[in-house]
Amino acid sequence: VGLTISAVTIPALPEYRSEAGFEAMVLPEAERLYRLALAIVDDRADAEDVVQETLLSAWRRWPALSDYANHSAWLTRVCVNHSIRRRRQFRTRILGLGDREMLPRQPEPSPFEGRLLDVHRAYQHLSPPQRAMVTLHLRDGFTVNECAVLIGCRPGTARSHLGRAMVKLRKELGNA
Amino acid sequence: MREPELPDEEVASLTRAYLIRRTGQPYPRGLESRALGFVVSERRHSGLNWIIVSTAVTVIALGAIVVAFGLSHMAAPSPSHSAPVPTPQLSICTAGSVHATLTPPATSANGVIRYTTDGVLFTNISGSGCSLERPSLMQVTVPSEKLAIDNLAKVPPRTFIAPGAAVTLEFGSQVGCSTFQAPLVATSVTLTVPNLGTLSLTGLDLNLTCGPPIVLGMQPSPSAPPSTSPSLSTATRAPLCLASQIQVSYLMGASGAAAGNTSIVLGIRDGSARPCELRGWPIVQFVAGNGAALPTREMQTTSNFSLSTSLQTVILQTGTAPLQTTQPIGSAPLGSTQDQGYGFISIGSDDILLPCETAASVRVVLPGMSASIVVSLRVPMAFPAGQVVCSGGRIQVLPVHR
């Protein structure tokens, strides 16, 4: 599936394949990848590990990349895959334990803060692919079709992940 | 009694606020360096045997050279004071050796991140090469204040410029903010370069759409001035379009909807006596019938459901016929040689999420301009109230295209 986010063509020149090319094109993406990973794995240390794994995967496969124009999308996909895998490992490791750093604990949260805590509670019930969809679509503004490419699934599956996530979020927020 | 369900838009906006709060935690600086350090150590580990062997060979070879050198000098004593070995002195660029000008505004893309850019072109006008030092201060002037560019560390400490050659210090602002912001236009740039002094360059026209500008890097440039850039011959260049010479119309015949997607196409015509050019993404804001701004979340892309295009320079020709909103499908403009000389804007949307709003008009800021143009989306007998925009105003906007 070809990602249609960028139609700019960057030929696979030797300078892009080099270590300098990797540093120039990939390292500026680290912060964005970290925030994406954090939204999915819900734990700062795990998010850092995901970024490390993503960069290492990118480093190993970088010279063989054929399309350097869409390297951001490719990195996003690698990062989402690592995040989903790590989140699944996390769930089997510590089932039900949330990240205690999620939101600053306040004795009397304001109504808006209270609603964010409700969202946080609801967010814990989302599966990793649902988290990826919610993050990419609602936070980053990608279309459902683009999310499907970034996650590596069919558009219908992506739409289904998003729909189920919205149902869960609405249910939790409605019950709160 | 059952309580009404929360609207999708409220759930979406709360979730978005939560995610922004959640992922806004400080990014651990140097994380990428740690990854690279691991890569380097991994590489070193794999090449350890080779390093040991090559080091041993080097030590033996050096020893042999030293012994041979000592033997040859035992017979002929060395002079009491040997002449110092001349070290090449790299001259530093000064105000007399370098000429600084502004480059024309442009747009660059780094994957999904796009920037509207400008640059300072440093041309070496002296007869010898020199090294340009990293600016110590750089600011752009907007109507209300001066904004400092704080990532100057991205610029190399020294950049060599050969005689007659030039380098461009590229800076710019990211485009594609999720929310509409009134365009802030930087009109001049001031930078302090060691040994070169403080330069103040006016005539800048940089749209700051997503916050203050950043430095994007130092690029080698052709030695010729930008007006004769080989990438675009002078024959195909035209001055940038001004809002006063442009007419923008909604083209119902070229717009459409299918399978939950909608597209709104706007035509751009040069109504003046001189041709002009456009390049980049427009900024779009939907407006309700009462004049209130409607939620508009613009994503600047090169593809939506109805069309794929690329970033291109569009030259609007003079003498083109006025555009008709109710132009029938299949006739000019679009899909015809008669379309030459016009520019087009394509706005795509999907209807995944409610709510939907009716936009009576759309406010457009074309690339390179600061003034906006209001275009009516009402069509008598067909869409008297305007066009329906769903998904909370989430739209995909293509660059101005032919």
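Figured I'd write up the structure that's included with this text.

Reading the values: rules and limits
Residues numbered from 1 in each chain as written. Chains lettered and ligands numbered in written order. Predicted model: local features only at pLDDT ≥ 70, side-chain atom pairs only at ≥ 80, totals over all residues. Heavy atoms only, no water. Core = buried A, V, L, I, M, F, W, Y, C linked by side-chain atoms within 4.5 Å. Buried < 20%, exposed > 50% of the residue type's maximum accessible area, 1.4 Å probe, protein only. Helix = DSSP H or I, 4+ residues; strand = E, 2+ residues; numbered from the N terminus. Disulfide = S-S within 2.5 Å. Expected span 1.5 Å × (residues − 1). Arc of directions from axis to C-beta. Contact = heavy atoms within 4.5 Å. Pairing = 2+ DSSP bridges. Axes fitted to C-alpha atoms, helices over the stretch in contact; angles between N-to-C directions.

### Digging into the nonpolar core
- Within the largest apolar cluster, 56 residues are counted, with the highest numbers of intra-cluster contacts made by Phe22(A), Trp62(A), Trp74(A), Val80(A), Tyr123(A), Val134(A) and Leu136(A).
- Among the elements that make up this core, the one with the highest residue count is helix α3 (residues 30–41) of chain A (eight residues).

### A few points about the state of the cysteines
Residues and elements named next belong to chain B.
- Under the counting rule described, the total for this entry stands at three disulfides over all chains.
- Note on cysteine connectivity: cysteine 93 is disulfide-linked to cysteine 130, with sulfurs 2.0 Å apart. Here the disulfide of cysteine 93 and cysteine 130 is right-handed, its torsion about the S-S bond being about 90°. Separated by 37 residues along the polypeptide, cysteine 93 in the loop between α3 (48–75) and β1 (98–102) and cysteine 130 in strand β4 (residues 130–133) bring together distant segments of the chain.
- Residue cysteine 93 is classed as buried on the basis of its relative accessible area of 1%.
- What pairs with cysteine 356 in a disulfide is cysteine 390, and their sulfur atoms sit 1.9 Å apart. Across the disulfide from cysteine 356 to cysteine 390, rotation about the S-S bond amounts to roughly 100°, and the bridge is consequently right-handed. In this pair, cysteine 356 is assigned in the loop between β19 (343–350) and β20 (357–359) and cysteine 390 in the loop between β23 (387–389) and β24 (394–397), connecting sequence segments 34 residues apart.

### Observations regarding helix α9 (residues 155–175) of chain A
- Counted at 1.5 Å a residue, the expected span for α9(A) with its 21 residues is 30 Å, and the 30 Å between its end C-alpha atoms agrees.
- Listed in full, the buried residues belonging to α9(A) are Ala158(A), His161(A), Leu162(A), Ala165(A), Met166(A), Leu169(A), Arg170(A) and Leu173(A). An end-on view of α9(A) places all buried positions within 160° of arc, on one side of the element. With respect to the buried face of α9(A), the exposed residues turned more than 90 degrees away are Arg164(A), Lys171(A) and Asn175(A).
- Turning to α9(A), the residues buried within the fold contact α6 (111–123), α7 (128–139) and α8 (144–151) of chain A together with α1 (8–22) of chain B.

### Here's the deal with the sheet that holds strand β10 (residues 197–208) of chain B
All names here are of chain B.
- One open sheet accounts for four strands, arranged β6-β5-β9-β10; its pairing is antiparallel. What marks the edges here is a single partner per strand, and that holds for β6 (146–148) and β10. Between one strand and the next, the sheet's axes are offset by a mean angle of 25°, whatever the strand orientation.
- Judged from the three bridges that link them, strand β5 (residues 137–141) and β6 form a sheet pairing that is antiparallel. Bridging from a neighbouring strand, threonine 141 pairs with lysine 146 of β6.

### Digging into the sheet that holds strand β22 (residues 373–376) of chain B
Residues and elements named next belong to chain B.
- Pairing in this open sheet of three strands is antiparallel, and the strands run β16-β21-β22 from one edge to the other. The sheet is open, and its two borders are formed by β16 (283–287) and β22, each paired with just one other strand. Each adjacent strand pair in this sheet contributes to an overall mean axis angle of 25°, direction not counted.
- Both β16 and strand β21 (residues 361–365) contribute to a ladder of five bridges, which runs antiparallel.

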